[in-house]
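A look at the structure
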Amino acid sequence: LEIFGIPTGFRDLDEITGGLQPGEIMYLSGIPGTGKSIFAAQAGFQMAQNGHPGVIYSLEMSGEQVVRRRLSHQSKISVRQIKSGKFDPEKLTDIVDAVTACDDLPLYLSDDVQWTTGSLRADLSRLKVQHQIEWFVLDYAYLLKDGLGLSENDRTGQISAQLKSISRSLNLAGIVIHSLRKTSGVPTGHDLRGNNQQFYDPDLLIFLTESGDDPN
(Lines give C-alpha, C1' and ligand atoms only; values in the text may rest on other atoms or scores of the structure.)
Protein backbone atom coordinates (compact mmCIF):
# COMPACT_ATOMS: atom_id res chain seq x y z
CA LEU A 1 0.00 0.00 0.00
CA GLU A 2 1.63 3.25 -1.18
CA ILE A 3 0.88 6.17 1.16
CA PHE A 4 2.34 9.57 0.33
CA GLY A 5 0.01 11.62 2.51
CA ILE A 6 -1.61 11.23 5.92
CA PRO A 7 -3.13 7.74 6.31
CA THR A 8 -6.73 7.83 7.52
CA GLY A 9 -6.57 4.22 8.65
CA PHE A 10 -9.31 3.24 6.19
CA ARG A 11 -7.28 0.98 3.93
CA ASP A 12 -9.47 1.14 0.82
CA LEU A 13 -9.70 4.94 1.01
CA ASP A 14 -5.96 5.29 1.55
CA GLU A 15 -5.27 3.01 -1.39
CA ILE A 16 -7.34 5.25 -3.67
CA THR A 17 -6.08 8.59 -2.36
CA GLY A 18 -2.58 7.82 -1.07
CA GLY A 19 -3.74 9.40 2.19
CA LEU A 20 -4.95 12.93 2.87
CA GLN A 21 -2.71 15.57 1.34
CA PRO A 22 -1.52 18.70 3.19
CA GLY A 23 -3.17 21.82 1.82
CA GLU A 24 -6.10 19.86 0.37
CA ILE A 25 -9.63 19.54 1.62
CA MET A 26 -12.02 16.61 1.51
CA TYR A 27 -15.77 17.12 1.70
CA LEU A 28 -17.81 14.29 3.20
CA SER A 29 -21.53 14.24 2.52
CA GLY A 30 -24.56 11.96 2.55
CA ILE A 31 -28.11 11.76 3.80
CA PRO A 32 -28.68 11.82 7.59
CA GLY A 33 -27.91 8.56 9.35
CA THR A 34 -25.23 7.25 6.99
CA GLY A 35 -22.45 7.68 9.56
CA LYS A 36 -20.66 10.83 8.40
CA SER A 37 -19.76 12.00 11.91
CA ILE A 38 -18.62 8.55 13.00
CA PHE A 39 -16.52 8.15 9.85
CA ALA A 40 -14.86 11.57 10.19
CA ALA A 41 -14.13 11.17 13.91
CA GLN A 42 -12.78 7.67 13.36
CA ALA A 43 -10.47 8.97 10.63
CA GLY A 44 -9.26 11.67 13.03
CA PHE A 45 -8.47 9.24 15.83
CA GLN A 46 -6.73 6.89 13.39
CA MET A 47 -4.61 9.69 11.91
CA ALA A 48 -3.55 10.62 15.45
CA GLN A 49 -2.79 6.96 16.17
CA ASN A 50 -0.51 6.99 13.14
CA GLY A 51 1.46 9.85 14.66
CA HIS A 52 -0.13 12.78 12.82
CA PRO A 53 -1.39 15.49 15.23
CA GLY A 54 -4.71 17.14 14.47
CA VAL A 55 -7.93 18.64 15.79
CA ILE A 56 -11.62 17.77 15.63
CA TYR A 57 -14.19 20.58 15.72
CA SER A 58 -17.48 18.96 16.70
CA LEU A 59 -20.22 21.55 16.27
CA GLU A 60 -23.01 18.98 16.14
CA MET A 61 -22.13 16.53 18.94
CA SER A 62 -20.73 17.22 22.38
CA GLY A 63 -17.14 16.29 23.12
CA GLU A 64 -18.43 13.66 25.55
CA GLN A 65 -20.38 11.97 22.76
CA VAL A 66 -17.35 11.95 20.45
CA VAL A 67 -15.06 10.48 23.12
CA ARG A 68 -17.70 8.00 24.29
CA ARG A 69 -18.05 6.63 20.77
CA ARG A 70 -14.28 6.27 20.53
CA LEU A 71 -14.07 4.46 23.86
CA SER A 72 -16.84 2.13 22.70
CA HIS A 73 -14.93 1.32 19.52
CA GLN A 74 -11.66 0.84 21.39
CA SER A 75 -13.05 -1.28 24.23
CA LYS A 76 -15.70 -3.19 22.23
CA ILE A 77 -18.28 -2.18 24.85
CA SER A 78 -21.50 -0.59 23.57
CA VAL A 79 -22.15 3.12 24.05
CA ARG A 80 -25.32 2.22 25.95
CA GLN A 81 -23.35 0.10 28.42
CA ILE A 82 -20.74 2.82 28.90
CA LYS A 83 -23.43 5.44 29.55
CA SER A 84 -25.32 3.25 32.01
CA GLY A 85 -22.24 1.75 33.66
CA LYS A 86 -23.85 -1.67 33.35
CA PHE A 87 -21.17 -3.93 31.96
CA ASP A 88 -19.23 -6.90 33.27
CA PRO A 89 -16.72 -5.83 35.95
CA GLU A 90 -13.91 -7.60 34.09
CA LYS A 91 -14.52 -5.17 31.20
CA LEU A 92 -13.41 -2.25 33.38
CA THR A 93 -9.79 -2.88 32.42
CA ASP A 94 -10.77 -2.53 28.74
CA ILE A 95 -12.36 0.85 29.48
CA VAL A 96 -9.30 2.05 31.41
CA ASP A 97 -7.00 0.91 28.60
CA ALA A 98 -9.18 2.71 26.05
CA VAL A 99 -9.11 5.94 28.08
CA THR A 100 -5.30 5.72 28.42
CA ALA A 101 -4.91 5.12 24.68
CA CYS A 102 -7.08 8.17 23.85
CA ASP A 103 -5.31 10.33 26.41
CA ASP A 104 -1.93 9.65 24.80
CA LEU A 105 -3.01 10.67 21.29
CA PRO A 106 -1.77 13.93 19.68
CA LEU A 107 -5.38 14.97 19.14
CA TYR A 108 -7.29 18.08 20.19
CA LEU A 109 -11.07 18.40 20.43
CA SER A 110 -13.45 21.34 20.57
CA ASP A 111 -17.23 21.18 20.91
CA ASP A 112 -17.72 24.97 21.02
CA VAL A 113 -20.67 25.91 18.80
CA GLN A 114 -19.69 29.55 18.19
CA TRP A 115 -16.93 29.04 15.62
CA THR A 116 -16.63 31.18 12.49
CA THR A 117 -14.14 30.65 9.69
CA GLY A 118 -12.18 33.60 11.06
CA SER A 119 -11.88 32.20 14.60
CA LEU A 120 -11.24 28.76 13.12
CA ARG A 121 -8.30 30.09 11.09
CA ALA A 122 -6.82 31.74 14.19
CA ASP A 123 -7.20 28.60 16.30
CA LEU A 124 -5.70 26.35 13.63
CA SER A 125 -2.77 28.75 13.24
CA ARG A 126 -2.18 28.60 17.00
CA LEU A 127 -2.40 24.80 17.11
CA LYS A 128 -0.02 24.46 14.17
CA VAL A 129 2.60 26.60 15.91
CA GLN A 130 2.14 25.10 19.38
CA HIS A 131 1.42 21.45 18.53
CA GLN A 132 2.44 21.03 14.86
CA ILE A 133 -1.01 19.79 13.80
CA GLU A 134 -1.28 18.42 10.25
CA TRP A 135 -5.04 18.05 9.78
CA PHE A 136 -8.47 19.12 11.01
CA VAL A 137 -11.99 17.67 10.98
CA LEU A 138 -15.03 19.98 10.91
CA ASP A 139 -18.45 18.54 11.76
CA TYR A 140 -20.11 20.30 10.11
CA ALA A 141 -19.67 23.35 7.84
CA TYR A 142 -23.23 24.68 7.85
CA LEU A 143 -23.14 25.14 11.64
CA LEU A 144 -20.39 27.78 11.41
CA LYS A 145 -21.67 31.24 12.36
CA ASP A 146 -20.48 33.06 9.21
CA GLY A 147 -22.92 35.21 7.24
CA LEU A 148 -26.00 34.58 9.35
CA GLY A 149 -27.83 37.44 7.59
CA LEU A 150 -27.09 36.11 4.11
CA SER A 151 -29.11 33.74 1.97
CA GLU A 152 -28.27 30.07 2.27
CA ASN A 153 -26.72 30.15 -1.20
CA ASP A 154 -24.40 33.09 -0.42
CA ARG A 155 -23.62 31.85 3.07
CA THR A 156 -22.57 28.35 2.05
CA GLY A 157 -20.50 29.71 -0.82
CA GLN A 158 -18.67 32.08 1.52
CA ILE A 159 -17.99 29.35 4.09
CA SER A 160 -16.77 26.93 1.43
CA ALA A 161 -14.35 29.46 -0.07
CA GLN A 162 -12.94 30.35 3.36
CA LEU A 163 -12.43 26.71 4.37
CA LYS A 164 -10.55 26.02 1.15
CA SER A 165 -8.39 29.10 1.79
CA ILE A 166 -7.66 27.99 5.38
CA SER A 167 -6.58 24.53 4.26
CA ARG A 168 -4.27 25.88 1.58
CA SER A 169 -2.75 28.81 3.43
CA LEU A 170 -1.99 26.75 6.56
CA ASN A 171 -1.03 23.65 4.53
CA LEU A 172 -3.41 21.47 6.52
CA ALA A 173 -5.40 18.47 5.33
CA GLY A 174 -9.09 18.99 6.07
CA ILE A 175 -12.13 16.75 6.36
CA VAL A 176 -15.32 18.82 6.25
CA ILE A 177 -18.81 17.40 6.60
CA HIS A 178 -21.41 19.00 4.34
CA SER A 179 -25.17 18.65 4.21
CA LEU A 180 -26.89 17.05 1.24
CA ARG A 181 -30.11 18.05 -0.47
CA LYS A 182 -32.79 15.39 -0.75
CA THR A 183 -31.98 13.15 -3.69
CA SER A 184 -33.68 10.03 -4.99
CA GLY A 185 -30.64 8.66 -6.82
CA VAL A 186 -26.90 8.41 -6.42
CA PRO A 187 -25.77 11.84 -5.12
CA THR A 188 -23.47 14.13 -7.09
CA GLY A 189 -21.57 17.26 -6.17
CA HIS A 190 -24.46 19.42 -7.31
CA ASP A 191 -26.63 17.83 -4.61
CA LEU A 192 -24.62 19.51 -1.86
CA ARG A 193 -26.76 21.89 0.15
CA GLY A 194 -26.38 25.53 -0.86
CA ASN A 195 -24.05 27.14 -3.36
CA ASN A 196 -22.94 24.98 -6.31
CA GLN A 197 -19.43 26.42 -5.86
CA GLN A 198 -19.03 23.77 -3.15
CA PHE A 199 -18.84 21.18 -5.93
CA TYR A 200 -15.65 22.80 -7.24
CA ASP A 201 -13.94 23.81 -3.98
CA PRO A 202 -12.95 20.41 -2.53
CA ASP A 203 -9.95 18.48 -3.77
CA LEU A 204 -11.77 15.27 -2.87
CA LEU A 205 -15.52 14.72 -2.55
CA ILE A 206 -16.90 11.60 -0.85
CA PHE A 207 -20.50 10.49 -0.42
CA LEU A 208 -21.60 7.92 2.10
CA THR A 209 -24.63 6.02 0.81
CA GLU A 210 -26.72 3.10 1.95
CA SER A 211 -26.70 -0.15 0.03
CA GLY A 212 -29.90 -2.09 -0.40
CA ASP A 213 -27.99 -5.32 0.10
CA ASP A 214 -25.85 -4.24 3.04
CA PRO A 215 -27.14 -1.99 5.86
CA ASN A 216 -23.52 -1.13 6.74
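Before any of the text, the structure's been laid out above.
Residues numbered from 1 in each chain as written. Predicted model: local features only at pLDDT ≥ 70, side-chain atom pairs only at ≥ 80, totals over all residues. Heavy atoms only, no water.

1. Digging into unusual backbone geometry
Residue Tyr-140 is reached from Asp-139 by a cis peptide bond, and omega for that bond is -5°. Residue position: Tyr-140 is located in the loop between strand S4 (135-139) and helix H7 (152-170). Despite not being glycine, Gln-132 shows a phi value in the positive range, around 55°. Phi angles above zero are rare outside glycine, and Asn-171 is one such case at about 55°. Looking at where Asn-171 falls in the secondary structure, it is placed in the loop between H7 and strand S5 (173-177). Judged by relative accessible area, which is 42%, Asn-171 ranks as partly exposed. (Helix = DSSP H or I, 4+ residues; strand = E, 2+ residues; numbered from the N terminus. Buried < 20%, exposed > 50% of the residue type's maximum accessible area, 1.4 Å probe, protein only.)

2. With respect to the nonpolar core
Nonpolar side chains tend to gather and get buried jointly when the protein is soluble and globular. Core analysis: the largest hydrophobic core is formed by 31 residues, its most contacted members being Leu-20, Leu-28, Phe-45, Leu-107, Trp-135 and Ile-175. With 7 residues, the top contributor of residues to this core is helix H2 (residues 36-49). Not counting chain neighbours up to four residues away, the residues in contact with Trp-135 comprise Ile-6, Gly-44, Met-47, Ala-48, His-52, Pro-53, Gly-54, Val-55, Ile-56, Leu-107, Leu-172 and Ala-173. Membership of the second largest hydrophobic core comes to 21 residues, among which are Ile-25, Leu-124, Ile-133 and Ile-166. (Core = buried A, V, L, I, M, F, W, Y, C linked by side-chain atoms within 4.5 Å. Contact = heavy atoms within 4.5 Å.)

3. Let's talk about helix H5 (residues 92-103)
Over its 12 residues, H5 runs 17 Å from end to end, which matches the ideal 16 Å to within 8%, given 1.5 Å per residue. Restricting attention to buried positions, one finds in H5 the residues Ile-95, Ala-98 and Cys-102. Looking straight down H5, one finds that the buried residues subtend no more than 65° of arc, so they occupy a single side. Summarising the contacts, the buried residues of H5 are in contact with H2, helix H3 (63-75) and helix H4 (79-84). (Expected span 1.5 Å × (residues − 1). Arc of directions from axis to C-beta.)

4. So, the environment of Ala-41
Topologically, Ala-41 is positioned in helix H2. Remark: the alpha-carbon pair of Ala-41 and Asp-139, spanning 98 residues in sequence, is separated by 8.8 Å. Setting aside chain neighbours within four positions, we find Ala-41 in contact with Ile-56 and Val-66.

5. Comments concerning the packing of helix H6 (residues 117-131) against H7
Helices that pack against each other are described as a pair by the angle of their axes relative to one another and the distance between those axes. Where H6 meets H7, the closest approach of the two axes is 10 Å, and the angle between their N-to-C directions is 15°. Here H6 is positioned roughly parallel relative to H7, judged by the angle of their axes. Both H6 and H7 take part in a crossing whose hand is right-handed. In contact with Thr-117, Leu-120, Arg-121, Leu-124, Ser-125 and Lys-128 of H6, H7 contributes Ile-159, Gln-162, Leu-163, Ser-165, Ile-166, Ser-169 and Leu-170. Here the residues of the contact of H6 with H7 sort into 6 nonpolar, 5 polar and 2 charged. (Axes fitted to C-alpha atoms, helices over the stretch in contact; angles between N-to-C directions. Parallel < 35°, antiparallel > 145°, perpendicular 65-115°, else oblique. Left-handed = near helix turned anticlockwise from the far one by under 90°. Nonpolar A, V, L, I, M, F, W, Y, C, P; charged D, E, K, R; others polar.)

6. Brief notes about empty space enclosed by the protein
In this structure the tally under the stated criterion is 2 cavities of 30 Å³ or more. Its volume calculated, the largest cavity comes out at about 60 Å³. Lining the largest cavity we find Tyr-140, Ala-141, Tyr-142, Thr-156, Ile-159, His-178, Ser-179, Arg-193 and Gln-198. Each residue belonging to the lining of the largest cavity can be placed in one class, and the counts come to 4 nonpolar, 4 polar and 1 charged. One number sums up the size of the second largest cavity: a volume of about 50 Å³. For the second largest cavity, the full set of lining residues is Ser-37, Ala-40, Ala-41, Ile-56, Ser-58, Met-61, Val-66, Val-137 and Asp-139. Sorting the residues of the lining of the second largest cavity by element identifies H2, strand S2 (54-58) and S4 as the ones contributing at least two each. For the lining of the second largest cavity, the leading source of residues is H2, giving 3 residues. Split by residue class, the lining of the second largest cavity holds 6 nonpolar, 2 polar and 1 charged. (1 Å grid on protein atoms, 1.4 Å probe; cavity = no way out; pocket = protein on both sides within 12 Å on 5 of 7 lines; lining within 4 Å. Points joined across faces, edges and corners; volume = space filled by probe spheres on them.)

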